[in-house]
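Coordinate inspection notes
Each chain is listed here by its residues.
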Amino acid sequence: QANAQILFSGITSPVRAGGSPEQAGDDQTAGRLAAAEGFFGAEVKAEWLAGNPATLRLVQSVGAGYDGVALESLPDGCAVCNVYGHDRAVAEHAFMMMLVLQKQLFASHAALRKGDWGWSNRIQSELRGRSLLVLGLGVIGREIVRWGRFFDMEVSALTRTPSTERAQQAGLKEVGGLECLDDALPRADFVLIALPGLPETRDLIGERQLSFMKPTA
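Here the structure is a predicted model, which is why all the values come from computation and not from measurement.

According to the stated counting rule, one finds zero disulfides in the structure shown. Here Cys78 is not disulfide-linked; the sulfur of Cys81 is the nearest cysteine sulfur, at 8.9 Å. Among the residues examined, Cys81 registers a relative accessible area of 30% and is labelled partly exposed.

This is the structure in structure tokens:
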């Protein structure tokens, strides 16, 4: 619609020709949300909705999760949408981080800047043969498993809903439930969490769980 009011997580912009975004702080968000028809952002706080924004028709999360949206405070008929299609980008980022750690990139960079070429020995340290434990087998989790197999890692996975079908979808022989986490951690060199933010998945990894892992993990 030509004059629809769209609020972009702290930036509000009337959708009209020549319109330019205008910065708004959190203290102004509630007032502007009261007149908005759409909201794009990572979270919608309950206090922002205290003014009963009856015009709000769409909340578009900018990620796969929408646990930052106060669903119970939204007006009736307001749709909430999330984002898909970024599974490869997330997997790529995850493996970038694993390679940085495995190759000790920061230490190598610091050594090279000092003229120490001993860093080149770290090139020999590979992901191949390392144990990767993936928690969660949604679209992102399955993509991470696929990348792990490509790197010839020993890949295992745990999920909230283990089944033969889930294992086959991920290309694994079997998968376990999250209740098997304590038994799986001692074997893992890397643990990658690809689970939704739910009460049963919060605080899944803490000091106790980390104590089960290898010193080199």
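A word on unusual backbone geometry. Not every positive phi belongs to a glycine, and Gln104 is a case in point at roughly 50°. In this fold, Gln104 is placed in the loop between α2 (87-102) and α3 (105-113). Phi angles above zero are rare outside glycine, and Asp203 is one such case at about 55°. As for its position among the elements, Asp203 is in the loop between β10 (190-193) and α7 (207-211).

Here we come to helix α4 (residues 139-150). Counting along an α-helix, one turn takes 3.6 residues, and residues three or four places apart therefore face a common direction. Between its first and last C-alpha atoms α4 spans 17 Å; for 12 residues at 1.5 Å apiece the expected length is 16 Å, and the two agree. Listing the buried residues of α4 in full gives Ile140, Gly141, Glu143, Ile144, Val145 and Gly148. Those residues of α4 that are buried lie in contact with α2, β7 (131-135), β8 (154-159), α5 (164-170) and β10.

Once that is clear, we can look at the environment of Glu165. When you line up the elements, Glu165 lands in helix α5. Between the C-alpha atoms of Glu165 and Val175, which are 10 residues apart in sequence, the distance is 9.7 Å.

To continue, consider the packing of aromatic side chains. All chains considered together, the criterion is met by four aromatic pairs. Ring geometry for Phe95 and Phe151: centres 5.1 Å apart, planes at 15°, overall stacked. Within this pair, whereas Phe95 is found in helix α2, its partner Phe151 is found in the loop between α4 and β8, the two being separated by 56 residues in sequence. A residue is classified by how much of its surface remains accessible, and Phe95, at 1% relative accessible area, is buried. Between the aromatic rings of Phe150 and Phe151, the centroid separation amounts to 5.7 Å while the plane-to-plane angle is 85°, which identifies the pairing as edge-to-face. Owing to a relative accessible area of 68%, Phe150 belongs among the exposed residues under this scheme.

Counting residues in hydrophobic clusters, the biggest one holds 21 residues, and the most contacted among them are Met98, Leu132, Ile144 and Met153. If you list the elements that add at least two residues to this core, you get α2, β7, α4, β8, α5 and β10. With four residues, α2 is the largest single contributor of residues to this core. Apart from the residues within four sequence positions on either side, Met153 is in contact with Phe95, Met98, Leu127, Gly129, Arg130, Leu132, Gly148 and Phe190.

With that settled, consider the confidence of the model for the chain. When the pLDDT values of the chain are averaged, the result is 84; 84% of them are 70 or greater. Here strand β2 (residues 11-14) stands out as the element of the chain with the lowest mean pLDDT, 39, in contrast to β7, whose mean of 98 is the highest.

Rules of the game
- Residues numbered from 1 in each chain as written.
- Predicted model: local features only at pLDDT ≥ 70, side-chain atom pairs only at ≥ 80, totals over all residues.
- Heavy atoms only, no water.
- Disulfide = S-S within 2.5 Å.
- Buried < 20%, exposed > 50% of the residue type's maximum accessible area, 1.4 Å probe, protein only.
- Helix = DSSP H or I, 4+ residues; strand = E, 2+ residues; numbered from the N terminus.
- Expected span 1.5 Å × (residues − 1).
- Contact = heavy atoms within 4.5 Å.
- Phe/Tyr/Trp six-rings, centres within 6.5 Å; stacked < 30°, edge-to-face > 60°.
- Core = buried A, V, L, I, M, F, W, Y, C linked by side-chain atoms within 4.5 Å.
- pLDDT = per-residue confidence, 0-100.

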